[in-house]
Structures are given as C-alpha cells and as structure tokens.
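Structure at a glance
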Amino acid sequence: MNEQGLWLLLVGLVALGVSDAWLSANEQIIPQCAESTDHRLVAQVLTASRKSLSTHANSLKDEKDPSISVWSLELEVLANSERLTGSEEAQPAAEQRCQLQPGQRLLIRWRRTEAVSVGAQVEVILRLRRPWGASNPHGFNFERWLVTSGYSATGYVRTGRVREGQSKMPLRARWVSKVDGLLAAKGLVHHGTLMALVTGDGGAVPAQTWERYRRTGAIHLLVVSGLHVSVLALLLYGLISYPVRLVTVVQHRMFAPLIGAGLVCLCAMVLAWFTGLGSPVMRVALMLLGLWLLQLLPRRASIWRIWLLAALTSALLLPLQVFHSGFWLSYGAVAVLLAFFGPRSPSSGAVAAVVQAQAALWLGLTPLVVLLLSESSLLVVPANLLTVPIMTLVTVPTLFLGVGIGMLQMFAPQMESIAALCTLLLGVADFSLELIDVLLNALISALPPQSSSIGFNNVPTVLVALLGGLMLLLPLAAYFRVGAVCAWLPLLISVESTVPPGEFCVRVVDVGQGSAAVVDTAGYRML
C-alpha cells in the first residue's frame, strides 16, 4: 500500500472511531422512563467544585441558611440504582433499562454545608433528566457538549450523605489536591486562575475572568494552552540536555540531545494526563513525540505530515473531542503559523516575529472562530501582544517552578530554606495575572461593547473569508492578495437595521414555555 493509501486508511479509521464514539455516547444517555423520578444510588465523586459566589449569587446561597453552598459534582455510578416510586420506600425499577447502570457518569448539583472531596463515595437520592441545554442556532450547544463529554444525565441531589471511610482518591486527584492546598496556603489573589493554568480545571476560575478574556480574544491563555506547554518543553529541554551532556561519555555525547528530547516528550505526556488530556496539550505532546521519533528514523518528513499525523492520532485516541471547538482552533492555529512562516525566511528579530504571528493568526483564525463560535473579538491582536509575553515569559515559568519547589518541600519538609523561594515565585505569578487583568480592562474600556467584536455571519461569507485569509498567509502575487482582501473584508461589515428612524418593529416569539418579544429600532435591539 502506498503512502496515500495509508493516509486514507487512517482518515477512515478516525471517521469510524468518531461515529462509534458518538453512538456509544448516545447509548449511555438515560431513557425517558428514568426522568421525573427519584433514584437512590451509590456513586463515586470524580470532580467537585464549588460554584462562584459572584456569578451565582441567587442560586448559591440558601435564603434560610446562608451556610449552604452549591457544589457541582461529576459522579460515576458504582451499582445499579433503585427507582423510587413513592416518598418513603424504594422499589426496584419495573424495567431494567430504567435503572442507572455502573459506569455511567452524571453531572449533579448538591446543596450542602460540608465540602465534598474527590474520590468520596456518596449515597444519594437524585432527580435526573437527560442531557439538555441551550442549543440555539449559531450559539454554544450545551446539550451536545454534555453528550460528547460523556455525561449520561444531569440533575440535583434531593437528600444524601457521604460514606465514611469509603473514600479512595485517584492518583491524579491526589496530586491536584496537593497543588490546590499549596496555592491556598499562600493566600494568592488569583488562586482559581493559577489552579486552572496548572491542572487544566477551569471550574474555579471566576466568571468575570472568563468574560474579560473572552471579550479581548485572549481566552486561549486560560486553563492550559499549547503555547504554555511548548514554552515549558523548551525550558525543560534546556534544563535536561545540559546535565545529560555532562554525564554522557564523550563517544556517545551525540545522543545527549535525543535523550533530552525523549525525556521532554515523556514529561509532556505526563502533563497531558495531569491536565485532563485537553486538545492543546495533546497536540503539543503528540507533535513533540513525532519530531523525536523522526530523529530516530533514517528518513525525513515535512512538518505538515507531523501536524496531520498528530491531529489524526489525537482524534483516534479521543474521538469525541472533534465535536469541541478547541480541537479545531488548536490545530488551526498551528496550521496558520506553518502556512505563514514555512515559505518565508526568518524575520529580523523576536519582536517582529511575535507581531507577524499575531497578525497571521488574526487573519487566518478569525473566520474559523466566527464559524465555530459566532463571535470574534477585534481586540485580539493588541490583547495578545500585551498578554502573551507576560503569560509566557513570567506567569507560566514562575508558576510551575513555584509549584515544583512547593511539591519538593512537601516531600522533604527539612528543606525550609526553599520555602521563601516558592512563595516569591508564586507571588510573581499572581502579580503578573493582576497586571494582565489591568491591561485587559484598559482595552475593554477603550471601545464600546457593540464595536469590539465581530458577530454572526452567514456560512458562505465565513467560508469565503476563510479562503481569503489562507490566501493572505501565502506568498502570492499582489493581484491575488487584493482578491484575498476583498474576500476577507465582508466579515467586518455589520448588518444594518432595516427599521427607519422614528419607527420600531416588534416580533413575538414562542419559546416553548412562554414567549419573548424582540423590539427593533433604528439603533437598538431589545429582548
């Protein structure tokens, strides 16, 4: 079989894997007979996060008892559930299919005063419903996100208790708990954001921070981005390769770079597992592994083949991630940079390269962002020019060094001399996030909200703009560039109101359980 046949075979396997994973995810959804009734079950807590007070002020605190908080839990069913047909006693479900089966995952809300720890076993009575949520056209499809994330149902706890002595915290959860304890002990202002940058869990990030980064187009810097892992890989390679050269015998010193790169690949895979196997981290780990294996083989391959192989391998290992926009944006960003810098000679300096990279990403990725998210910020270039150097060169290195030193101190308490260094590094990381917040707030205040982003465009316009953006990245002739600009510019054209000044138009929409009125004037739209 020739090379083209192998690529087609791999693409076919990915397509079959995605189809099978989608069908399996839908089969795990609870049947309709399991809704609207209570279920008693025993489950293990996989993740637990307390809702942000600032964003859920109405739902977080019970009016009668302000000490009760809302916890968002991911549960794994450990045994068949019992369906409660009355308020007092439990009876087996009339049909086996109406019971919850072991291994099913649930996304649950629980109001309680005490904290819920990861790994704990709980015995609860739940009210469940099938995955359901907003799925408006051209908006975020929450229902699809629930299904592709592996949840069989959502719901809330009516009553329940945590089983004593039954907790068995998984390995990853234990390490996450240690990192959380270390950051909490330092009294950092941006504790939740720092946790997200280390562990990939964005549940503790305040909603105001999400909104700030979203409005400025810098949301890719939150949680764990591929850029962060790439920088850490370079730093780690520099720290590993030099000692390896010193301890390697002279005759085999040529293998020192390969050994160092292999250790970096191993660390990248461990980090991908630790951060929850997100698409950006998986991409970096797989591309590093591909480049390292290529050094061991006698033949050479283009970087485009490594990119494509990493994307297909990632989709083969985690098929459902192709339904998440992060998968396409992560690999799309790398493709844009390869298309721009590949045919060109290196720029005159690092600053010029950063500016060119941000301009290329804006031209190439904006149509894709609008297609997937129906919105793209016009502040993305200045926001990234200001925040990427701070996050990349200050926040991430000092944060991971501080966490590493803190973990070392936990296992070697006698090394008290490094405690001050750990506090200093984490304090610098925390201060850098505060500086980023100040810069992003200044950018947001510079433009009115209605002029700071590109809104929804129809699919043909976006596809034509995407083609124009790709043409602008390539070193083509001038007349091709003029055509590419003409294809890209319609993204910036806003839809004008058809209502004449002094008049208004009212549309009444049936939304299922009520109605909504949309009032259009010449300058405003009100819901």
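Residues numbered from 1 in each chain as written. Predicted model: local features only at pLDDT ≥ 70, side-chain atom pairs only at ≥ 80, totals over all residues. Heavy atoms only, no water.

Secondary structure assignment for the protein yields 16 helices and 11 strands. Taken across its 527 residues, the protein has 39% of its residues classed as buried. Look at the contacts in the protein between residues 6 or more apart in sequence, and 70% of them connect residues 24 or more apart. (Helix = DSSP H or I, 4+ residues; strand = E, 2+ residues; numbered from the N terminus. Buried < 20%, exposed > 50% of the residue type's maximum accessible area, 1.4 Å probe, protein only. Contact = heavy atoms within 4.5 Å.)

Next up on the list: the pairing of strand β2 (residues 69-77). With respect to burial, β2 is a largely interior element, 8 of its 9 residues being buried. Looking at chain direction, strand β1 (residues 38-50) and β2 are connected through 7 bridges and run antiparallel. Each residue of the ladder has a partner; that of arginine 50, found in β2, is tryptophan 71. (Pairing = 2+ DSSP bridges.)

So, on to the pattern of salt bridges. In the structure shown here, the tally under the stated rule is 10 salt bridges. With its nearest N and O atoms 2.7 Å apart, the salt bridge here joins aspartate 38 to arginine 127. A residue pair is termed long-range when its members are at least 10 positions apart, and aspartate 38 in strand β1 and arginine 127 in strand β5 (residues 121-129) qualify at 89 residues. Linked by salt bridges that have partners in common, Asp38, Arg127 and Arg158 make up one network. (Salt bridge = Lys/Arg side-chain N within 4 Å of Asp/Glu carboxyl O.)

Right, let's get into the environment of glycine 192. On the secondary structure map, glycine 192 appears in helix α5 (residues 191-199). According to the relative accessible area criterion, glycine 192 is buried, its value standing at 13%. Spatially, the C-alpha atoms of glycine 192 and alanine 204 are 4.7 Å apart, while their sequence positions differ by 12 residues. If we ignore the near neighbours within four places in the chain, the residues touching glycine 192 are Ala204 and Val205.

Before going further, it helps to spend a moment on helix α15 (residues 459-473). Taking 1.5 Å of rise per residue, the 15 residues of α15 would be expected to cover 21 Å, and the 21 Å separating its terminal C-alpha atoms lies within 8% of that figure. Each element contacted by the buried residues of α15 is listed here: α11 (325-341), α12 (350-373) and α16 (478-488). (Expected span 1.5 Å × (residues − 1).)

Here we come to the environment of leucine 338. Tracing the backbone through its elements, the reader meets leucine 338 in helix α11. In this structure, the C-alpha to C-alpha distance between leucine 338 and leucine 473, residues 135 residues apart in sequence, is 9.5 Å.

Together, Leu171, Trp175, Phe255, Ile259, Leu263, Leu266, Val270, Trp273, Leu277, Met410 and Phe411 make up an exposed nonpolar region whose accessible area comes to about 1,000 Å². Listed by contribution, the elements that provide at least two residues to the nonpolar patch are α4 (171-185), α8 (256-274) and α13 (380-411). A per-element tally of the nonpolar patch places α8 first, with 5 residues. Among the secondary structure elements, isoleucine 259 is positioned in helix α8. A relative accessible area of 42% means that isoleucine 259 is categorised as partly exposed. (Patch = residues over 30% accessible without salt bridge, like charges linked within 9 Å, V, L, I, M, F, W, Y side chains within 5 Å. Areas by Shrake-Rupley, 256 points an atom, 1.4 Å probe, with all protein chains shown as cover.)

This part takes up the side chain of threonine 193. Relative to the elements of secondary structure, threonine 193 occurs in helix α5. Overall, threonine 193 belongs to the buried group, its relative accessible area being 4%. Apart from residues no more than four positions distant in its own chain, threonine 193 is found in contact with Val205, Pro206, Thr209, Leu222 and Leu433.

This part is about the packing of helix α9 (residues 279-296) against α11. Across the interface, α9 lies against α11 with an axial gap of 8 Å and an inter-helix angle of 45°. When the axis of α9 is compared with that of α11, the two are oblique. Two packed elements cross with a definite hand, and for α9 against α11 that hand is right-handed. Contacts from Ser279, Pro280, Arg283, Leu286 and Met287 in α9 reach Gly326, Phe327, Ser330, Tyr331 and Val334 in α11. Of the residues contributing to the contact of α9 with α11, the split by class is 6 nonpolar, 3 polar and 1 charged. (Axes fitted to C-alpha atoms, helices over the stretch in contact; angles between N-to-C directions. Parallel < 35°, antiparallel > 145°, perpendicular 65-115°, else oblique. Left-handed = near helix turned anticlockwise from the far one by under 90°. Nonpolar A, V, L, I, M, F, W, Y, C, P; charged D, E, K, R; others polar.)

In this structure the tally under the stated criterion is 8 aromatic pairs. When the centroid spacing of 6.0 Å and the interplanar angle of 45° are considered together, the rings of tryptophan 145 and tyrosine 151 count as tilted. Among the residues examined, tryptophan 145 registers a relative accessible area of 30% and is labelled partly exposed. On the numbers, 4.9 Å between centres and 90° between planes, the contact of phenylalanine 340 with phenylalanine 341 is edge-to-face. With a relative accessible area of 30%, phenylalanine 341 lands in the partly exposed category. Ring pairing ties together the aromatic residues Phe142, Trp145 and Tyr151, which thus form one cluster. Residue placement shows arginine 105 over the ring face of tyrosine 151; its charged tip is 4.9 Å from the ring centre. (Phe/Tyr/Trp six-rings, centres within 6.5 Å; stacked < 30°, edge-to-face > 60°. Lys NZ or Arg CZ within 6 Å of the ring centre and 35° of its normal.)

Along the polypeptide, tyrosine 242 turns up in helix α7 (residues 226-247). For the pair tyrosine 242 and alanine 256, spaced 14 residues apart in sequence, the C-alpha separation works out to 8.3 Å.

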